[in-house]
Amino acid sequence: MQNQEVYDELIGKFQAMYGEKPQIVAYAPGRIEVLGNHTDYNEGYVFSSAIDKGTFFAVSPTADATCELTAADLMETAKFTTATCAPAKEMTWQNYVNGTFNWLFDGNPAAAPHGWKGMFLGNIPLGAGLSSSAALEMCTVLALSKLYGIEKDKTTMAKIGQKAEHTFAGCPCGLLDQASSMYGQEGALVESDFRTNVFKTVSMGPTVAFMMVKSNAKHALVDGAYASRRKACEDAAKYFAGILRKPVTHLRDVTMAEWVLYHGGLDETVAKRAVHPIGEDERVLQGAELLAKGDLKAFGALMFDSHESSRHWFENSCEELDAIVDIAKTIPEVYGARLSGGGFGGSCCLLVDPTAADKIAATITAAYKAKFGDEPVCQLIKPSQGAHIVQG
Ligand code: GLA
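Attention in this report is confined to the structure presented alongside it.

Cut-offs used in this document
Residues numbered from 1 in each chain as written. Predicted model: local features only at pLDDT ≥ 70, side-chain atom pairs only at ≥ 80, totals over all residues. Heavy atoms only, no water. Near = heavy atom within 4 Å. Polar contact = N/O pair within 3.5 Å; in protein donor to acceptor, adjacent residues only side chain to side chain. Areas by Shrake-Rupley, 256 points an atom, 1.4 Å probe, with all protein chains shown as cover. Nonpolar A, V, L, I, M, F, W, Y, C, P; charged D, E, K, R; others polar. Axes fitted to C-alpha atoms, helices over the stretch in contact; angles between N-to-C directions. Helix = DSSP H or I, 4+ residues; strand = E, 2+ residues; numbered from the N terminus. Parallel < 35°, antiparallel > 145°, perpendicular 65-115°, else oblique. Left-handed = near helix turned anticlockwise from the far one by under 90°. Contact = heavy atoms within 4.5 Å. Buried < 20%, exposed > 50% of the residue type's maximum accessible area, 1.4 Å probe, protein only.

### What to know about the site of the ligand
Next, step 1: In the region of the ligand, 13 residues are neighbours, and Glu33, His38, Asp40, Asp177 and Tyr226 sit closest.
Next, step 2: Between an oxygen atom of the ligand and a main-chain N or O atom of Gly174, the distance comes to 2.8 Å.
Next, step 3: In isolation the ligand offers 310 Å² of accessible surface; the protein chains occlude 97% of this area.
Next, step 4: Here the shell around the ligand is built from residues that sort into 4 nonpolar, 5 polar and 4 charged.

Here it is in structure tokens:
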């Protein structure tokens, strides 16, 4: 479904339910992660991009403290009040919105002067690793800020969504997904530094595009694998802080040379986990230089290296994603490919020559089908504008 169709359907459903148009509508896109995997919570670097699919959130105030939230795809409605807004065990989709509302009011939503009636609808495939949850948080925070006349900068809004993930949805994510959704720009990559929280955009030429290839492997970050990777990185940072004669708070502070010299003192699994974000940071910095020179082939080679690092060290890949990358390596018009986002399923991100998109999609689909019996979904992705108010 195109964005305009999503918008029209949402407004139609809102009007049918409430007999009036919503006062405010906000939109936020999903994201692809291009280079720099699991670096965000290690205070490292990432290249990502907002995509041309996202979620709309439509909202109007209520006269009292009641709140009502409808998932327009399911037509399920959750009801609560500003005072009873809390993590839910049923209809858990509401946690992304309610957690965002909660943290917009610094954890005290009862302080909100009135309630709201909201409805959301999006076109980001769920479980694809394209950050549908961050998109929902970012359109929520934009719409509710506007509704209550609260002024927040983009980074603060991204952090509100991240807190909702941590405390309402149960995923200890970094800031990448929310920041990419907020800072995305048409035709550009977002280059993030998660120590300084400086987000730059780097234009991409028309001769290159991204293709997302969605495997059918399940992607769920709430089941503990993400949290255990994060914990291993934090344990490794503590070890390096004790052994290196310099300040170390996160793996961002550790170089590959230091890992090579000192990883023998770490538990074997923790050592394997730690080398991934350390290598990823170096690849993003190298990638920035290559992009500046317009050397897309060399940038793409770093994407392949990134995937190998996921596969061997971080072990956040899976058979399906490995197969997609292996097939992609045999296609000359694919410059680079890697898993995108948390891992353990979801999608791969390919850097491609857009004029060969059909051929690439056909080759990958045929080879994947021969191996797994079902077809992946291949889609060209246009780096797109970040979250914004659409109406109101
Ligand atoms: C998920 C998380 C992000 C980031 C990526 C991996 O998308 O939500 O914060 O850690 O995984 O880079």
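### What about the packing of helix H9 (residues 296–314) against helix H10 (residues 319–329)?
Next, step 1: Running from amino to carboxyl end, H9 crosses H10 at an angle of 150°, the nearest separation of the two axes being 11 Å. Considered as vectors, H9 and H10 are oriented roughly antiparallel to each other. Helix-helix and strand crossings are classified by hand; for H9 and H10 the assignment is left-handed. Residues Phe304, His307, Glu308 and Arg311 of H9 form the contact with H10, whose own contacting residues are Leu321, Asp322, Val325, Asp326, Ala328 and Lys329.
Next, step 2: A per-class count over the contact of H9 with H10 returns 4 nonpolar, 1 polar and 5 charged.

### Examining the side chain of Gln162
Next, step 1: Relative to the assigned elements, Gln162 resides in helix H4 (residues 154–169).
Next, step 2: Given the relative accessible area of 15%, Gln162 is considered buried.
Next, step 3: Other than its neighbours up to four places away in sequence, Gln162 contacts Glu137, Cys173, Gly174, Leu175 and Gln178.

Note that all results are geometric; they support no functional claim without further evidence.
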